[in-house]
Every structure is written in C-alpha cells, then in structure tokens.
Amino acid sequence: MDAFSWTPPGPTDSRSPCPALNTLSNYHILPHNGKNISLGQLVSGLRVAYNLSTPLCYILALTGLIACGTFRFVGLAPSWTLDLENLALHNRIEHDASIVHADAAPHAKYAPRQVDPTLYHEFVASCPPGGMTKEDFVRARVRRELTLSKPLNLFRSILAASEAVSAFDRVRDPQTGTFTKEGLEAWFGENRFPAHWHVPDEVQTVRSIASETTQFRKEVEEGRKAAQASI
Ligand code: HEM
C-alpha cells in the first residue's frame, strides 16, 4: 500500500463499523469522504487491496448496496451508491456481538460506528505474544456471542464468521501467519494497514471463504455450547 497515503477521517467524513472499508477510504482507495461510493469503486477497491476474486467482490459490494445503499436519479441517470455510515443500519448487515463494536441500543436505528474502547482493549489484550491465530479469533467470537441473550440467527452468524475469516486471511502478517498485536491495533483501531503487510498473493474466492466460514462457525458453535454447559 506504499503507493497510497493514509489520512484519518475528518469530522464530516462518513465511516462505518467495517474496518476493511474504512481502511480503504483512509487510503483514498475509496473516496476519502466515504460518501456516494459506486459499485465499480467498491469492486475495484476490494480487488486491489484485499485480492478478492471478482465474483466475491461483486457479491460483497452488491450486498452492501442492496442492504444499505441509496438509489436515486441524478438528472435522468440512475445512481446507486453507498455512504459508509449507512452500513451501521442495525440488523441489515450490521449485527450484535461484533468484536470491537458495542451492540445497538434498544430500538436504535443505527449501531455505533466508533470502536468501543473496552471491547477493543479486551480484544487486543487477548492477543498472545506470538500473534493471534484463527483459534484465538474463534475464542474472541465465542466471548462476544456468550454476552447475547439469544444466539445470532443463521444469516448473522454466517456474516460474523465470514468477517472474522476474511479479516484473518487477508490482514494477518504474511511472515508469521498470525494477526500481530500491532496489526490488530493498526487495522481494527486506526483503520490502517499494518506495517510490513502487503496485499495477499493468493486470491480469496467465494469457494474458499464459504468453506472456511462453515468451519469457523462450527468451531464458534462448539465453543459457545461448551462454555454454556460449564456454567
Ligand atoms: C463491500 C464489502 C463489505 C461490506 C459491505 C461490509 C460490511 C460490513 C458491515 C455492515 C459490518 C458491521 C457488522 C457488525 O455489526 O459487526 C462489517 C464489519 C466487519 N467487516 Fe466488513 N464489509 C465488507 C468487506 C469486508 C472485508 C473484505 C473484510 C475483511 C478483509 C471485512 C471485515 C470486517 C470485520 C472484521 C468486521 C467486524 C468488526 C467488528 O466485529 O467489530 N469486511 N462489515
């Protein structure tokens, strides 16, 4: 990402609860103001920075636009765009038990977009000295899901697992294969790519993310049930 410069958001810039997309805006890969982002911009940003396959880019970008985008006519031309802050619309894609974001307040339309300091510090503090493995990520999700009064439904538990899987696979340290503490702080805390990180060489495809998400969800379910049984 050396070709792109990182600039934190200004007071009128739009940001979301998604560290991946906020990071792209902070590097000007998506519009820095986070507003009126088109399908083409989302697809190309996800491909350039995270090396996702074209079908996966389209699935993610269209999901965001359909669930949280705005359709309007500009003159006679149709326009369908996304403001990042609308990704916080509660229970569209956004869900409870996020790793570093607090749950939406009862009856609130939007969930918090800012990182919750307590959740964030607990998450970073849980990083072992050698870096966070996928199993550590599973444990972090289990901890958050145990705070819910009823489990996430199937759709949202797939979303939560796929976010974790994709983040781990795309943003972990290429040398160690783990998510380093510095990497967690950079990406989750500041929405910045970690030092020494580079775009992953291997493409992430629909098939690879689907099979890893299924396995990850299974492990979270087992962890959650085991923890509940021991109470
Ligand atoms: C157009 C593509 C994308 C859209 C529309 C999108 C949307 C979202 C939304 C709405 C959330 C909030 C969910 C919640 O309540 O936790 C979220 C969170 C998250 N996203 Fe994305 N996302 C996209 C791409 C990605 C990619 C490519 C990655 C990984 C490299 C990613 C990683 C994450 C993570 C880890 C979280 C959870 C943050 C937390 O638990 O606090 N997202 N995303």
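Cut-offs used in this document
- Residues numbered from 1 in each chain as written.
- Predicted model: local features only at pLDDT ≥ 70, side-chain atom pairs only at ≥ 80, totals over all residues.
- UniProt positions renumbered as here; feature names shortened; annotations may be inferred.
- Buried ≥ 20, exposed ≤ 12 C-beta atoms within 10 Å, placed from the backbone.
- Helix = DSSP H or I, 4+ residues; strand = E, 2+ residues; numbered from the N terminus.
- Pairing = 2+ DSSP bridges.
- Near = placed C-beta within 6 Å.
- Axes fitted to C-alpha atoms, helices over the stretch in contact; angles between N-to-C directions.
- Parallel < 35°, antiparallel > 145°, perpendicular 65-115°, else oblique.
- Left-handed = near helix turned anticlockwise from the far one by under 90°.
- Contact = placed C-beta atoms within 7 Å.
- Nonpolar A, V, L, I, M, F, W, Y, C, P; charged D, E, K, R; others polar.

Per an unreviewed UniProt entry, the protein chain carries the name Cloroperoxidase and comes from Punctularia strigosozonata. Taken verbatim from the UniProt record of the protein chain, the Sequence similarities (unreviewed entry) comment is "Belongs to the chloroperoxidase family."

Burial analysis of strand β1 (residues 70-74) places just zero of its five residues in the buried class, a small minority of the element. Pairing analysis gives five bridges linking β1 to strand β2 (residues 77-81), with the strands arranged antiparallel. Its bridge partner being in β2, Arg72 is matched across the sheet by Ser79.

In the vicinity of the ligand, 27 residues are found, and the nearest of them are Cys18, Ala20, Gly64, Ser98 and Ile99. Elements supplying a minimum of two residues to the shell around the ligand: α1 (19-26), α2 (39-50), α3 (54-68) and α6 (154-171). Ranked by the residues each element gives to the shell around the ligand, the list is headed by α6, at six residues.

Bringing the packing of helix α5 (residues 134-145) against helix α8 (residues 206-229) into the picture now. With their axes 9 Å apart at the nearest point, α5 and α8 run at an angle of 50 degrees to one another. The angle between α5 and α8 falls in the class oblique. Crossing hand, α5 versus α8: right-handed. Along the contact surface, α5 presents Val138, Arg139, Arg141, Val142 and Glu145, while α8 presents Phe216, Glu219, Val220, Gly223, Arg224 and Ala227. A breakdown of the residues in the contact of α5 with α8 according to their chemical character gives five nonpolar, one polar and five charged.

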